[in-house]
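# Summary of structural features
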Amino acid sequence: NAGVTQTPKFHILKTGQSMTLQCAQDMNHGYLSWYRQDPGMGLRRIHYSVAAGITDKGEVPDGYNVSRSNTEDFPLRLESAAPSQTSVYFCASSTQGDICDYTFGSGTRLTVV
Amino acid sequence: AQRVTQPEKLLSVFKGAPVELKCNYSYSGSPELFWYVQYSRQRLQLLLRHISRESIKGFTADLNKGETSFHLKKPFAQEEDSAMYYCALRGGSEKLVFGKGTKLTVNP
């Protein structure tokens, strides 16, 4: 099915370890973003990309890196995980233009111990 | 600056009762407003957007520019409406700003 695919669905990481969360979309959407969802904090944007080769910081970028080498993929990398990065991570995509209709992935539940 | 406020973290109603989830926004221009819903352990889904003025699953929301509000309403809540609801604002770019969410519980 077309949409946004995130892997893995769950992961437990030790403090200081690195990890890459994968996001792939097959709708030819130009815009991709990563959000983290925390209780009482809602959804906060980490990084986003408006096109291949272009990335930019969101509200809470510290501790995360992204790259956009093609239209489909937008991986999120944690270089040295911290317990504060325990969260549910969502990737979202949309077409560019006047209407912003996000399609969300199913999420990655990450626990850093 | 764009800001979305959902004043209620939790909202509990009985089945068949009316429900209103509040959303207020702050934006100097002409906003686009959305409601997203997240059922238990599922991905977020777009519920409705103000420009289409549609009713989805019995929910409606009217943009009130005077009160800068976009409250979500349903006249008769159902148990399957239990979920997290997020109000979101887009102002002038692809950036979507979300409120902190309201957890709706519909009791039998």
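This section reports on the structure supplied with the text. (Residues numbered from 1 in each chain as written. Chains lettered and ligands numbered in written order. Predicted model: local features only at pLDDT ≥ 70, side-chain atom pairs only at ≥ 80, totals over all residues. Heavy atoms only, no water.)

## Description of the overall build of chain B
So the rule is basically this: What counts as a helix is a DSSP run of H or I of at least four residues, what counts as a strand is a run of E of at least two, and both are numbered from the N terminus. Within these notes, the globule rule equals 2.2 Å times the number of residues to the 0.38 power, and the radius of gyration is based on C-alpha atoms. Each residue gets one of three labels from its accessible area relative to the maximum for its type: buried under 20%, exposed over 50%, partly exposed in between, using a 1.4 Å probe on protein chains only. Whether two residues touch is decided by their heavy atoms; if any such pair falls within 4.5 Å, the residues are in contact. Only the protein chains shown count as cover for residues, and all accessible areas are computed by the Shrake-Rupley method using a 1.4 Å probe. Charge counting follows a simple rule: Lys and Arg are positive, Asp and Glu are negative, and His as well as the terminal groups are ignored. Taken as the charge location is NZ of Lys, CZ of Arg, CG of Asp or CD of Glu.
Helices and strands together make up the secondary structure of chain B, namely zero helices and eleven strands. Start at the N end of chain B and walk to the C end: the helices and strands fall as β-β-β-β-β-β-β-β-β-β-β. The C-alpha radius of gyration of chain B comes to 13 Å, within 12% of the 13 Å expected for a compact globule of 108 residues. In terms of its C-alpha atoms, chain B occupies a principal-axis envelope of roughly 40 × 30 × 25 Å. Taken over 108 residues, chain B has a buried fraction of 44%. For chain B, restricting intrachain contacts to residue pairs at least 6 apart in sequence, the fraction spanning at least 24 positions comes to 57%. About 5,500 Å² of surface is accessible on chain B, with carbon and sulfur atoms providing 49% of the total. Put simply, chain B has 16 plus and 10 minus side-chain charges, and the middle of one group is 6 Å from the middle of the other.

## Thoughts on the layout of surface pockets
Rules: Residues are called lining when one of their atoms sits within 4 Å of a cavity or pocket point, these points coming from a 1 Å grid over the protein atoms alone, where a cavity is a set in which a 1.4 Å probe fits but cannot get out and a pocket is an open set with protein on both sides within 12 Å along at least five of seven lines. Grid points are joined across faces, edges and corners, and a volume is the space filled by probe spheres set on the points. Three classes are used: nonpolar for Ala, Val, Leu, Ile, Met, Phe, Trp, Tyr, Cys and Pro, charged for Asp, Glu, Lys and Arg, and polar for all others, with Gly counted as polar.
Considered as a void within the structure, the largest pocket measures approximately 820 Å³ in volume. Forming the walls of the largest pocket are 29 residues, and the residues nearest its centre are A:Q37, A:R109, B:Q38, B:R41 and B:M84. When residues of the lining of the largest pocket are traced back to their parent elements, those giving at least two are β4 (31–38), β9 (87–94) and β11 (108–112) of chain A together with β9 (83–90) and β11 (102–107) of chain B. Of the residues that constitute the lining of the largest pocket, the class distribution is ten nonpolar, eleven polar and eight charged. Considered as a void within the structure, the second largest pocket measures approximately 250 Å³ in volume.

## Observations concerning the sheet that holds strand β7 (residues 64–66) of chain A
Residues and elements named next belong to chain A. Put simply, the rule reads: Following DSSP output, two strands are said to pair if at least two bridges run between them. A fitted line through C-alpha atoms represents every axis, and for helices the fit uses only the stretch in contact; the resulting angles, taken between N-to-C directions, go from 0 to 180 degrees.
Ordered by their spatial adjacency, four strands build an open sheet running β1-β3-β8-β7, and the pairing between neighbours is antiparallel. Unpaired on one side and paired on the other, β1 (4–7) and β7 mark the two borders of the sheet. With strand direction ignored, the average angle separating the axes of adjacent strands in the sheet is 20°. Two strands pair when backbone bridges link them, and β1 and strand β3 (residues 19–25) are joined in this way by four bridges, in the antiparallel orientation. Within β3, the residue paired with Q6 across the bridge is C23.

## Let's talk about the nonpolar core
Residue and element names in this part refer to chain B. Filter applied, for reference: Only buried Ala, Val, Leu, Ile, Met, Phe, Trp, Tyr and Cys residues count toward a nonpolar core, and they belong to the same one when joined by side-chain atoms within 4.5 Å.
In terms of nonpolar packing, the biggest core is built from 25 residues, with W35, L72 and Y85 touching the most fellow members. Of all elements in the fold, only β2 (10–14), β3 (19–21), β5 (32–38), β6 (45–49), β9 and β11 reach the threshold of two or more residues within this core. No other element matches the four residues that β9 contributes to this core. Look past the residues within four positions of Y85 in its chain and what remains in contact with it is Q6, L21, W35, Y36, V37, L47, F59, L72, G101, T102 and L104.

## With respect to the sheet that holds β3(B)
Residues and elements named next belong to chain B. Read across the sheet, three strands follow the order β3-β8-β7 without closing on themselves; strand pairing throughout is antiparallel. Strand pairing shows two members of the sheet lacking a second neighbour, β3 and β7 (60–61), which therefore form its edges. Across two bridges, the pairing between β7 and strand β8 (residues 72–74) is antiparallel. Residue pairing in the sheet places T60 in a bridge with K73 of β8.

## Section: the pairing of β3(A)
Residue and element names in this part refer to chain A. Because side chains alternate across β3, one face comprises the buried residues M19, L21, C23 and Q25, and the other comprises T20, Q22 and A24, none of which is buried. Bridge count for β3 against strand β8 (residues 76–78) is three bridges, and the pairing is antiparallel. Among the inter-strand pairings, L21 is bridged to a residue of β8, identified as L76.

## Overview of the pairing of β5(B)
If a strand is regular, its side chains alternate between the two faces of the sheet. All names here are of chain B. Burial runs high along β5: seven of the seven residues are buried. Side chains of β5 alternate between two faces, with E32, F34, Y36 and Q38 and L33, W35 and V37 buried alike. As defined by bridge partners, β5 adjoins β9 across seven bridges and the pair is classed as antiparallel. Looking at the pairing, Y36 lines up with Y86 of β9. Bridge count for β5 against β6 is four bridges, and the pairing is antiparallel. Bridged to W35 within β6 is L48. Hairpin geometry of β5 and β6 is characterised by an intervening segment of six residues between the two adjacent antiparallel strands and by a positive phi of about 55° at R41.

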